[in-house]
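Report on the structure
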Amino acid sequence: AVSEGEIMGYLYSKGIKPDGVQKLSKDMVKMVCREYDVEVIDGEQVRVEDMAKKKEILDEDDLDKLEDRPPVLTIMGHVDHGKTTLLDYIRKTKVAASEAGGITQGIGAYKVQVPIDGKTQTCVFLDTPGHEAFGAMRARGARVTDIAVIVVAADDGIRPQTSEAIAHAKAAGVPIIVAINKIDKDGANPDRVIQELSSIGLMPEDWGGDTPMVKISALKGENVDDLLETIMLIAELQELKANPDRNAKGTVIEAGLDKSKGPVASFIVQNGTLKRGDVIVCGEAFGKVRALFDDKGRQVNEAGPSTPVQVIGLDNVPLAGDEFEAVDSLDVARKQAELRAELMRDERITEKAGDGKVTLSSLA
Ligand code: GTP
Ligand code: MG
C-alpha cells in the first residue's frame with residue numbers, strides 16, 4: 001500500500017538513484033522493507049538450499065550465454081576420517097602431513113585435473129575442516145558446492161560430524177556420494193558402515209537406493225579412480241552451467257589480513273569472470289582487484305566460473321560465506337558496502353534482543 005513514488009523518494013534520500021526499470025539489490029529491498037515494517041525473508045535467512053541451487057547466481061540474461069562449468073565438490077566428514085588424505089592423493093601432494101596437529105584449519109580450495117576415459121576433466125574441491133568448532137564454516141561450505149563427498153572411516157563408522165555433514169548436504173539439496181575410507185586397515189568393516197548409513201536414510205545403489213558409495217583407501221589410492229569417475233558421472237547429470245561473459249559473482253571461502261598484502265580473500269567465482277582491475281563489493285568490504293592468484297599461488301589476470309581465486313585490493317576483511325559481485329564503479333561499490341554494513345549492524349542488534357530469528361551462524 002505504498003506508492004512507487006514514495007519508495008523512489010525513500011531510495012533517493014538514501015543516495016540511491018534508481019532509473020525506474022532496474023532491479024533493486026537484495027540489500028536495497030531489505031532497507032525499503034525495514035523502512036515500511038514489512039517482513040522480508042532473505043540474506044542470512046535465505047535457505048541454504050536456494051543458495052546451493054544457485055538460483056540467485058544465474059540471471060535471466062545469462063540463459064542464452066550459458067557454458068559448461070566444472071563441478072565444485074565439498075569433502076566433508078568426521079575428524080581424522082581421511083578427507084585431507086583423499087584430497088592429497090587426488091592432488092598428489094602431501095598437505096595432511098604438514099598441517100598443524102593434522103587438523104585442517106581453513107577451507108582449502110583446489111582446481112584439479114582428473115583423468116577420465118583418456119580425457120582430463122576439471123573439478124574443484126573444497127576441503128573443509130572436520131573439527132566440531134568449525135561447524136559454522138562447514139555450513140557455509142555447503143552453499144557453494146554442487147556435490148558433497150562424505151568420507152567415513154571403515155574402522156570407525158558414522159560419528160557425530162558424519163551425521164552433521166550429511167544433514168548439511170541434505171539441507172543444501174546437493175547429491176551425496178559416500179567414500180568409505182581406510183578399507184586397508186585392520187578392523188575395517190565397510191559393510192557395517194553401509195548398514196549404518198542405510199539406517200539414517202542413505203541407501204546404496206546396490207540396495208535399490210540412489211546414494212553412490214565407493215570403498216576406498218585414500219592412503220593407498222585404492223579405488224580412488226572409481227570414486228572420481230562416480231563424481232564426474234553425477235556432475236554430468238547436473239548439467240552445471242554459468243555465463244563466463246558477464247560481471248563476476250560468487251562467494252568468499254576464507255579471508256584474512258596479510259601483513260604486507262592487506263586484506264586477502266579466497267573466492268569461488270560462481271558466475272561471470274573476475275578480472276584484475278574489477279571493482280567489487282563483498283559483504284561489508286569493497287575495492288578494486290589489485291591482484292588475483294590461482295590455487296597454486298600464481299598470479300593470473302582473470303578467473304572464470306567455478307574457479308577458486310585469491311584476491312587482494314579489498315578495504316576490509318570480508319567474512320567466509322559473504323557474497324561478492326563486480327560492479328560498475330567504486331562509488332556504487334562503496335554505497336552497497338555501506339548499506340550492507342548498516343543492515344548487518346541492525347541485524348546484530350535484533351539478534352542481541354533475542355527475537356528468536358534463525359541465522360546461518362545460529363544454526364551451525
Ligand atoms: P581433519 O582435517 O582433522 O578433519 O582430518 P581429515 O579427515 O582430513 O583426516 P586426515 O586426512 O588428516 O587423516 C587422518 C589420519 O588417518 C592420518 O594419519 C592419515 O594418514 C590416516 N588415513 C587417512 N586415510 C587413510 C586410509 O585410507 N588408510 C589408512 N590406513 N589411514 C588413513
Ligand atoms: Mg583435514
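Here, every reference points to the structure presented above.
These lines cover the structure that appears in this document, whether it is placed above or below. (Residues numbered from 1 in each chain as written. Chains lettered and ligands numbered in written order. Predicted model: local features only at pLDDT ≥ 70, side-chain atom pairs only at ≥ 80, totals over all residues. Heavy atoms only, no water.)

This next bit is on the pattern of salt bridges. With the rule as written, the count across this model stands at 13 salt bridges. Residue Asp155 pairs with Lys185 through a salt bridge whose shortest N-O separation is 2.9 Å. Of this pair, Asp155 sits in the loop between strand 5 (147-153) and helix 7 (160-172) while Lys185 sits in the loop between strand 6 (176-181) and helix 8 (190-199), and the two are 30 residues apart along the sequence. With a relative accessible area of 38%, Lys185 lands in the partly exposed category. We note a salt bridge from Lys215 to Asp191, for which the minimum N-O separation is 3.4 Å. Of the two residues, Lys215 is situated in strand 7 (residues 213-215) and Asp191 in helix 8; the sequence distance between them amounts to 24 residues. Three or more residues are tied together by salt bridges with common partners; here these are Asp331, Arg334 and Lys335. (Salt bridge = Lys/Arg side-chain N within 4 Å of Asp/Glu carboxyl O. Helix = DSSP H or I, 4+ residues; strand = E, 2+ residues; numbered from the N terminus. Buried < 20%, exposed > 50% of the residue type's maximum accessible area, 1.4 Å probe, protein only.)

Moving on to the sheet that holds strand 5. Here six strands make up an open sheet; going across it, the order is 3-4-2-5-6-7 and the pairing mixed. Each edge of the open sheet carries a strand with a single partner, namely strand 3 (108-116) and strand 7. Neighbouring strand axes in the sheet, compared pairwise and without regard to direction, differ in orientation by 30 degrees on average. Examined bridge by bridge, strand 6 and strand 7 share three bridges and lie parallel to one another. (Pairing = 2+ DSSP bridges. Axes fitted to C-alpha atoms, helices over the stretch in contact; angles between N-to-C directions.)

With that settled, consider helix 9 (residues 224-238). The end-to-end C-alpha distance of helix 9, which contains 15 residues, comes to 21 Å, matching closely the 21 Å that a straight helix rising 1.5 Å per residue would cover. Within the span of helix 9, buried status applies to Val224, Leu227, Leu228, Thr230, Ile231, Met232, Ile234 and Ala235. At the C-terminal side of helix 9, Glu239 shows a positive phi close to 45 degrees. (Expected span 1.5 Å × (residues − 1).)

With that settled, consider the packing of helix 4 (residues 83-91) against helix 9. Packed helices, taken two at a time, are described by the angle between their axes plus the distance between the axes. Contact geometry for helix 4 and helix 9: axes closest at 11 Å, N-to-C directions at 90 degrees. The orientation of helix 4 relative to helix 9 falls into the category roughly perpendicular. Where helix 4 abuts helix 9, its residues Leu86, Tyr89 and Ile90 lie against Val224, Leu227 and Leu228. Residue composition of the contact of helix 4 with helix 9, by class: six nonpolar, no polar and no charged. (Parallel < 35°, antiparallel > 145°, perpendicular 65-115°, else oblique. Contact = heavy atoms within 4.5 Å. Nonpolar A, V, L, I, M, F, W, Y, C, P; charged D, E, K, R; others polar.)

Attention now goes to the environment of Leu87. With respect to the secondary-structure elements, Leu87 resides in helix 4. Along the backbone, Leu87 and Phe125 are 38 residues apart, and their C-alpha atoms lie at a distance of 7.9 Å. Setting aside chain neighbours within four positions, we find Leu87 in contact with Ile75, Tyr110, Phe125 and Asp127.

This part is about helix 2 (residues 26-35). In an α-helix, one turn spans 3.6 residues; hence positions three or four apart end up facing the same way. Within the sequence span of helix 2, burial applies to Asp27, Met28, Lys30, Met31, Val32 and Cys33. A positive backbone phi angle near 55 degrees is found at Asp37, which sits one or two residues after helix 2.

Let us now look at the pairing of strand 17 (residues 323-327). Taken residue by residue, a regular strand's side chains alternate between the two faces of the sheet. As paired elements, strand 9 (residues 249-258) and strand 17 share three bridges and run antiparallel to each other. Counterpart to Thr251 in the pairing with strand 17 is Glu323.

Another point: the packing of helix 1 (residues 4-13) against helix 2. The geometry of helix 1 relative to helix 2 is characterised by a closest axis approach of 11 Å and an angle of 115 degrees between their N-to-C directions. With respect to each other, helix 1 and helix 2 are oriented roughly perpendicular. For the pair helix 1 and helix 2, the sense of crossing is right-handed. Contacts between helix 1 and helix 2 pair Ile7, Tyr10 and Leu11 from the former with Met31, Val32 and Glu35 from the latter. (Left-handed = near helix turned anticlockwise from the far one by under 90°.)

Moving on: the packing of aromatic side chains. Counted under the stated rule, the structure contains two aromatic pairs. A ring pair is formed by Tyr10 and Tyr36, whose centres lie 6.4 Å apart and whose planes are at 70 degrees; its orientation type is edge-to-face. Remark: Tyr36 occurs in the loop between helix 2 and helix 3 (48-52) and Tyr10 occurs in helix 1; sequence separation between them is 26 residues. For Tyr10, a relative accessible area of 8% puts it in the buried group. Under the relative-accessibility criterion, Tyr36 is labelled partly exposed at 24%. Here the aromatic rings of Phe267 and Phe324 are separated by 4.0 Å at their centres, their planes lie at 10 degrees, and the arrangement is stacked. Taken together, the residues Phe267 in strand 10 (residues 262-271) and Phe324 in strand 17 connect sequence positions 57 residues apart. Across this residue pair, the class does not change: Phe267 and Phe324 are buried. (Phe/Tyr/Trp six-rings, centres within 6.5 Å; stacked < 30°, edge-to-face > 60°.)

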